[in-house]
Amino acid sequence: MTECKCSQESNIEVFSPFSSEQLAQIDVIVAKYEAKPNYLIPILKETQEMFGYLPAQLQRHIALGINVPASQIFGVVTFYAFFNTVPRGKYLIKVCTGTACYVKGAMEIITKIESELGIKIGETTEDKKFTLEAVRCVGACGLAPAVLVGEDTHGIVTPGKIMDILRRYE
Ligand code: FES
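Computed from a predicted structure; not experimentally measured.

Conventions used here
- Residues numbered from 1 in each chain as written.
- Predicted model: local features only at pLDDT ≥ 70, side-chain atom pairs only at ≥ 80, totals over all residues.
- Heavy atoms only, no water.
- Helix = DSSP H or I, 4+ residues; strand = E, 2+ residues; numbered from the N terminus.
- Expected span 1.5 Å × (residues − 1).
- Buried < 20%, exposed > 50% of the residue type's maximum accessible area, 1.4 Å probe, protein only.
- Arc of directions from axis to C-beta.
- Contact = heavy atoms within 4.5 Å.
- Phe/Tyr/Trp six-rings, centres within 6.5 Å; stacked < 30°, edge-to-face > 60°.
- Core = buried A, V, L, I, M, F, W, Y, C linked by side-chain atoms within 4.5 Å.
- Axes fitted to C-alpha atoms, helices over the stretch in contact; angles between N-to-C directions.
- Parallel < 35°, antiparallel > 145°, perpendicular 65-115°, else oblique.
- Left-handed = near helix turned anticlockwise from the far one by under 90°.
- Nonpolar A, V, L, I, M, F, W, Y, C, P; charged D, E, K, R; others polar.

Undergrad: Which parts of the structure should I look at to understand helix α3 (residues 40-51)?
TA: Residues spaced three or four apart along an α-helix face the same direction, because each turn holds 3.6 residues. The end-to-end C-alpha distance of α3 is 16 Å, a good match for the 16 Å that 12 residues give at a rise of 1.5 Å each. When α3 is considered as a whole, its buried residues turn out to be Leu40, Ile43, Leu44, Thr47, Gln48 and Phe51. Buried residues in α3, looked at end-on, bunch into an arc of 130°, giving them a common side. Against the buried residues of α3 lie α2 (20-32), α4 (56-66) and α5 (70-79). The first or second residue beyond α3 is Gly52, which carries a positive phi of 90°.

Next up, the structure:
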């Protein structure tokens, strides 16, 4: 009889397993904070900086490391917008949809990006180069409509210009 290959692992873990060497890097972060649950946020932040996102496998490894339920980690990760449970692209495109940018055509820019890159808001291109987000005022209203790509702010962007801007990013 064939042995069952069933697994308790989620799909994410089946397709994106992390090696024991990678998990050991998390152990270093946890040890730096003396495995104290009080330091959960900085532990999660450093882990995300290292891996780019916080899938269930990493959350569970941290939970074991600091001896708290995995559900607690999941609650924190999903509460704060700056934590991601899915991989992000190399460059995060943030299209400002605050009032000034909205009235000056932010949605048309989003539509253009979506059709050119084949992704919707919150999604990442297949080549993992770009992730698209819509955000609130980024403090550059005088340059509306504004689009952030990575650390760069681009102002007075139009649907006609946005792809030229994105092509500058390798
Ligand atoms: S509304 Fe877009 S920068 Fe302020």
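Undergrad: Could you clarify how one ought to interpret the packing of aromatic side chains in this entry?
TA: For any pair of aromatic rings, the description consists of the separation of the ring centres together with the inter-plane angle of the planes. In total, this model carries 9 aromatic pairs according to the counting rule given. Consider the rings of Phe18 and Phe51, whose centres lie 5.3 Å apart with planes at 85°: the pair is edge-to-face. Here Phe18 is found in the loop between α1 (11-15) and α2, whereas its partner Phe51 is found in helix α3, with 33 residues between them in sequence. A network of ring pairs unites the aromatic residues Phe79, Tyr80, Phe82 and Phe83 as a single cluster.

Undergrad: Which parts of the structure should I look at to understand the nonpolar core?
TA: Burial of nonpolar side chains together is a common tendency in soluble globular proteins. Among the nonpolar cores identified, the biggest contains 23 residues, and Ile93, Val95, Ile113, Val147, Val149, Ile162 and Leu166 are the most heavily contacted of them. When sequence neighbours within four positions are dropped, the list of residues in contact with Val149 reads Tyr91, Leu92, Phe130, His154, Ile165, Leu166 and Tyr169. By size, the runner-up hydrophobic cluster in this structure holds 21 residues, among which are Ile29, Phe51, Val77 and Phe83.

Undergrad: Help me understand the packing of α3 against α5, please; the structure alone is not making it clear to me.
TA: Packed helices, taken two at a time, are described by their axes: the angle between them and the distance between them. Between α3 and α5, whose axes approach to 11 Å, the crossing angle comes to 70°. Taken together, α3 and α5 sit at an angle that is classed as roughly perpendicular. Two packed elements cross with a definite hand, and for α3 against α5 that hand is right-handed. Listed contacts from α5 to Leu40, Ile41 and Leu44 of α3 are Ile73, Val76 and Val77. Broken down by class, the residue content of the contact of α3 with α5 amounts to 6 nonpolar, no polar and no charged.

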